[in-house]
Amino acid sequence: MESVSVVDSLERVDPAEWNALAGGHPFVRHEFLSALIDTGCASARTGWAPQVLLVRRAGALVAAMPLFAKSHSYGEYVFDWAWADAYERHGIDYYPKLLSAIPFTPVRGPRLLGSEKSLLLEAALELARDTSSLHILFPQEDAIPRLVARGVLIRRTVQFHWRNAGYTDFDDFLRRMTRARRKNIRQERRRVQEAGVSCIWLEGPRIERRHWEFFNRCYRRTYAEHRSSPYLSLDFFLRLGASLPDNLALLIAERDGRPIASSFFFKDESTLYGRYWGALEHVPLLHFECCYYQAIEYAIGRGLQVFEGGAQGEHKLWRGLLPVEAPSAHWLAHPKFAQAVESFLEREGAGVARYVDELCEHSPFKKS
């Protein structure tokens, strides 16, 4: 007999039990989620109140689902502000809503963990009846049929990913591109080098506190320049460095022996995930070098198959990252709003498909 419970932290959840359900995906591991929750980055104070679902059988954890009660829509990368506005205009509360996602991380991965996926989904929908809605962001594609069968609406957004076509090195990657794209990338990289910038990669235990402190300065500077508040804290980065060293890589850009910029990446056995970047000095084109070209070169050198460059940004296409559709799933408790959103998603989905087709027609790679 299974029992379902809701907890507001992972403090009393055995890491080994949780990680056995999470598999090798770093963003659903106990260490990553606990770091977000325990440092207060994902908390009721920041609008991310944890409501984690657990299913136990004879005391053993057999299924789990990361859930949060959201009081806003920041940090999600699937935009539903128009839905919230429509609710408000009709005098209906949209927040709190229930969200299954990895906070501040638009990366696809498992959301229904373990063997009792149907039970988890039913429990989440039951919880959502006390809110306006349930949203499951960036689930794996094989979860979609189960969600659709339960009446959950599917939305598609666009991300840009690089895939390894067996490249031997960065020059081999460039040789597969059109002459114009190849020339442009070489020019951009050369301008960064001529500005006196060099880059070093740090992995695992080689990333020391001073490196995290410097990266945190860069990260916060970027948010300040956009007149925004950063989601993450130095405590969070330090905790990750201690608990998930094998999944982390940090790029430091230097000029005249001084660090001036940094990019932070996650990795697993097959994929490099671009996450955050920042700079203390402006160098033209340095962003492309630190966030894309260095990452592609790193992935090729380590035999990784995919580099996920994150959501949005058509400029990524010209640098070898191709568009892919990324799903999210949505269930709204209010029947009329659910019908309106379903109609909207049908129109939006057709537009997204056309957009991806149009982008692919402008591929930077030579025609086969």
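Above this text is the structure in question.
Below or above, wherever it landed, is the structure these notes cover.

Analysis parameters
- Residues numbered from 1 in each chain as written.
- Predicted model: local features only at pLDDT ≥ 70, side-chain atom pairs only at ≥ 80, totals over all residues.
- Heavy atoms only, no water.
- Pairing = 2+ DSSP bridges.
- Helix = DSSP H or I, 4+ residues; strand = E, 2+ residues; numbered from the N terminus.
- Axes fitted to C-alpha atoms, helices over the stretch in contact; angles between N-to-C directions.
- Contact = heavy atoms within 4.5 Å.
- Salt bridge = Lys/Arg side-chain N within 4 Å of Asp/Glu carboxyl O.
- Buried < 20%, exposed > 50% of the residue type's maximum accessible area, 1.4 Å probe, protein only.
- Expected span 1.5 Å × (residues − 1).
- Phe/Tyr/Trp six-rings, centres within 6.5 Å; stacked < 30°, edge-to-face > 60°.
- Lys NZ or Arg CZ within 6 Å of the ring centre and 35° of its normal.
- Disulfide = S-S within 2.5 Å.
- Polar contact = N/O pair within 3.5 Å; in protein donor to acceptor, adjacent residues only side chain to side chain.
- Patch = residues over 30% accessible without salt bridge, like charges linked within 9 Å, V, L, I, M, F, W, Y side chains within 5 Å.
- Areas by Shrake-Rupley, 256 points an atom, 1.4 Å probe, with all protein chains shown as cover.
- Lys, Arg positive; Asp, Glu negative; His and termini not counted.
- Charge placed at Lys NZ, Arg CZ, Asp CG, Glu CD.
- Nonpolar A, V, L, I, M, F, W, Y, C, P; charged D, E, K, R; others polar.

### Quick look at the sheet that holds strand S13 (residues 271-279)
Spatially, the eleven strands line up as an open sheet ordered S2-S5-S6-S8-S15-S9-S14-S13-S12-S11-S10, and their pairing is mixed. Edge strands, defined here as strands with exactly one partner in the open sheet, are strand S2 (48-50) and strand S10 (197-203). This sheet shows a mean twist of 30° between the axes of neighbouring strands, independent of strand direction. Pairing of strand S9 (residues 153-163) with strand S15 (residues 322-332) involves nine bridges; the strand directions are antiparallel. When the sheet's bridge partners are listed, leucine 153 is paired in S15 with histidine 330. Against the sheet, helix H4 (residues 117-128) engages strand S6 (97-100), strand S8 (133-137) and S15, with an angle of about 135° to S8.

### Some words on the sheet that holds strand S4 (residues 60-65)
Taken together, four strands build an open sheet; the order of strands is S1-S3-S4-S7 and the sheet is antiparallel. Only two strands of the sheet have a single neighbouring strand rather than two, namely strand S1 (2-7) and strand S7 (113-114). The sheet contact formed by S1 and strand S3 (residues 52-57) spans six bridges and is antiparallel. Bridge pairing in S3 places valine 4 opposite valine 55. Contacting S1, S3, S4 and S7, H4 crosses the sheet at an angle of about 140° to S3.

### A word on the pattern of salt bridges
Evaluation of the coordinates by the stated rule reveals 24 salt bridges. The partner of glutamate 76 in a salt bridge is lysine 97, with the nearest N and O atoms 3.0 Å apart. Here glutamate 76 is found in the loop between strand S5 (68-70) and helix H3 (81-89), whereas its partner lysine 97 is found in strand S6, with 21 residues between them in sequence. Given the relative accessible area of 4%, glutamate 76 is considered buried.

### Observations regarding H4
When the terminal C-alpha atoms of H4 are compared, their 16 Å separation across twelve residues agrees well with the 16 Å that a helix rising 1.5 Å per residue should span. Turning to H4, its buried residues number three or more, namely Leu120, Leu121, Ala123, Ala124, Leu125 and Ala128.

### Digging into the packing of aromatic side chains
Within the structure shown, the criterion is met by 35 aromatic pairs. Consider the rings of tryptophan 212 and phenylalanine 264, whose centres lie 5.2 Å apart with planes at 90°: the pair is edge-to-face. With tryptophan 212 in helix H8 (residues 209-225) and phenylalanine 264 in strand S12 (residues 258-267), the pair connects residues that are 52 residues apart, well separated along the chain. Owing to a relative accessible area of 2%, tryptophan 212 belongs among the buried residues under this scheme. Ring plane angle 20° and centroid distance 6.0 Å describe the contact between phenylalanine 215 and tyrosine 219, whose orientation is recorded as stacked. Within this pair, phenylalanine 215 and its partner tyrosine 219 are both found in helix H8, separated by four residues, close to a single helical turn. Each of the two residues, phenylalanine 215 as well as tyrosine 219, counts as buried. Across the ring face of tryptophan 48, the terminal group of lysine 70 is positioned such that the distance to the ring centre comes to 3.9 Å.

### Looking at the state of the cysteines
Two cysteines whose sulfur atoms are joined by a covalent bond form what is called a disulfide. With the rule as written, the count across this model stands at zero disulfides. In this model cysteine 41 remains outside any disulfide bridge; the closest cysteine sulfur is found in cysteine 218, 18 Å from its own. As a non-bridged cysteine, cysteine 291 has cysteine 290 as the owner of its nearest cysteine sulfur, 6.3 Å distant. For cysteine 291, a relative accessible area of 12% corresponds to the buried category.

### Quick word on the side chain of histidine 161
Looking at where histidine 161 falls in the secondary structure, it is placed in strand S9. Here histidine 161 falls in the buried class, since its relative accessible area comes to 2%. A polar side-chain atom of histidine 161 sits 3.0 Å from a polar atom in the side chain of glutamine 159. Aside from chain neighbours lying at most four places away, what touches histidine 161 is Arg108, Val306, Phe307, Glu308, Gly309, Gly320, Leu321, Leu322 and Val324.

### Considerations on a negative patch on the surface
Negative charge collects at one region of the surface, where Glu314, Asp357, Glu358 and Glu361 lie side by side. Structurally, glutamate 314 is set in the loop between strand S14 (306-311) and S15. Accessibility expressed as a relative area gives 42% for glutamate 314, which makes it partly exposed.

### Quick notes on the packing of helix H1 (residues 15-22) against helix H2 (residues 30-38)
Look at H1 against H2: their axes get within 9 Å of each other, and the N-to-C directions meet at 115°. Along its contact with H1, which presents Pro15, Trp18 and Asn19, the element H2 presents His30, Glu31 and Leu33. When the residues that make up the contact of H1 with H2 are grouped by side-chain class, the tally is three nonpolar, two polar and one charged.

On their own, these measurements won't tell you what the molecule is for.
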